[in-house]
Amino acid sequence: MSDLDEFVAIAHRVVWATLATVDGRNRPRSRVVHPVWERTPDGLLGRVCTRATALKRAHIAHSPYASVSYWDPAHDVAVAECAAAWDPTPERTWPVFRAHPDPVGFDPESVFEGGTAHPQAAVLELRPWRLRWARAADLAAGRGHVVVTIGPPQPNRSPSNPGSTAVEAGR
């Protein structure tokens, strides 16, 4: 299994993640989200079906980056540092959420009555520039985190290659 696939395996097993953005005064704000990740011809792409509140829109406008962090009680971790952008055509993307089996897959219309016609219905696209993941057993054995650097963080960037891999000692 590739390092990107290992990241997705942990993320999709944990399902729920913490997404952090920063406000106009560079203060962090976190919220719990349910991303769906998939390999595309351009690289790894995460999507979050979310409410496009004025606050979230302002954060992404100020700094088009987000950090997505997964943790489970077994202490497996997966973190994606991403360029973040609003999907201009969420109606095109919604079938992606239904395409995955439970618990990753879900019907976005169960959250947004009226589907994409709902005024706050949106999809946030996440294009990672750096991934870090580790399984608790590997950390306990002293093997450290696996780090995949896809490229420099660039808003609205489509990664064209899987990037480089390194292992970080410790946390």
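The preceding data block contains the structure.
Let me begin by describing the structure that accompanies this report.

Cut-offs and rules
Residues numbered from 1 in each chain as written. Predicted model: local features only at pLDDT ≥ 70, side-chain atom pairs only at ≥ 80, totals over all residues. Heavy atoms only, no water. Core = buried A, V, L, I, M, F, W, Y, C linked by side-chain atoms within 4.5 Å. Buried < 20%, exposed > 50% of the residue type's maximum accessible area, 1.4 Å probe, protein only. Helix = DSSP H or I, 4+ residues; strand = E, 2+ residues; numbered from the N terminus. Contact = heavy atoms within 4.5 Å. Salt bridge = Lys/Arg side-chain N within 4 Å of Asp/Glu carboxyl O. Arc of directions from axis to C-beta.

### Comments concerning the nonpolar core
Formed by 30 residues in total, the largest nonpolar core has its most connected members in Phe7, Trp37, Val68, Tyr70, Leu124, Leu126 and Leu131. Listed by contribution, the elements that provide at least two residues to this core are helix H1 (3–14), strand S1 (17–22), strand S4 (43–51), strand S5 (65–71), strand S6 (77–86), strand S7 (121–134) and strand S8 (145–149). Apart from the residues within four sequence positions on either side, Leu126 is in contact with Leu19, Trp37, Leu44, Leu45, Gly46, Val48, Ala66, Val68, Cys82, Ala83 and Ala84. Listed in part, the eleven residues of the second largest apolar core include Val15, Val36, Phe97 and Phe112.

### Some details on the environment of Ala80
Structurally, the position occupied by Ala80 is in strand S6. Classification of Ala80 as buried rests on a relative accessible area of 0%. Each C-alpha atom of the pair Ala80 and Trp133 lies 8.7 Å from the other, and the pair is 53 residues apart in sequence.

### Description of the pattern of salt bridges
Two side chains that carry opposite charge are able to pair once their charged atoms sit near each other. Applying the stated criterion to the full structure yields twelve salt bridges. Between Glu109 and Arg98 there is a salt bridge, and its shortest N-O distance comes to 3.6 Å. One end of the pair, Glu109, is in the loop between helix H3 (90–99) and S7; the other, Arg98, is in helix H3, with eleven residues separating them in the sequence. Residue classification places Glu109 among the partly exposed positions, given a relative accessible area of 43%. Judged by its relative accessible area of 40%, Arg98 is partly exposed. With its nearest N and O atoms 2.9 Å apart, the salt bridge here joins Arg143 to Asp138. Salt bridges linked by common partners bring Glu6, Arg13, Asp72, Asp76 and Arg135 together as one network.

### Quick notes on H3
Here H3 has its buried residues at Pro90, Thr93, Trp94, Val96 and Phe97. An end-on view of H3 places all buried positions within 150 degrees of arc, on one side of the element. Residues of H3 that are exposed and angled more than 90 degrees away from the buried face: Arg92 and Ala99. Turning to H3, the residues buried within the fold contact strand S3 (36–40), S4 and S7.

### Concerning the environment of Ala11
Turning to its location among the elements, Ala11 is positioned in helix H1. For the pair Ala11 and His34, spaced 23 residues apart in sequence, the C-alpha separation works out to 9.6 Å. Every residue in contact with Ala11, bar those within four places of it in the chain, is listed here: Trp37 and Tyr70.

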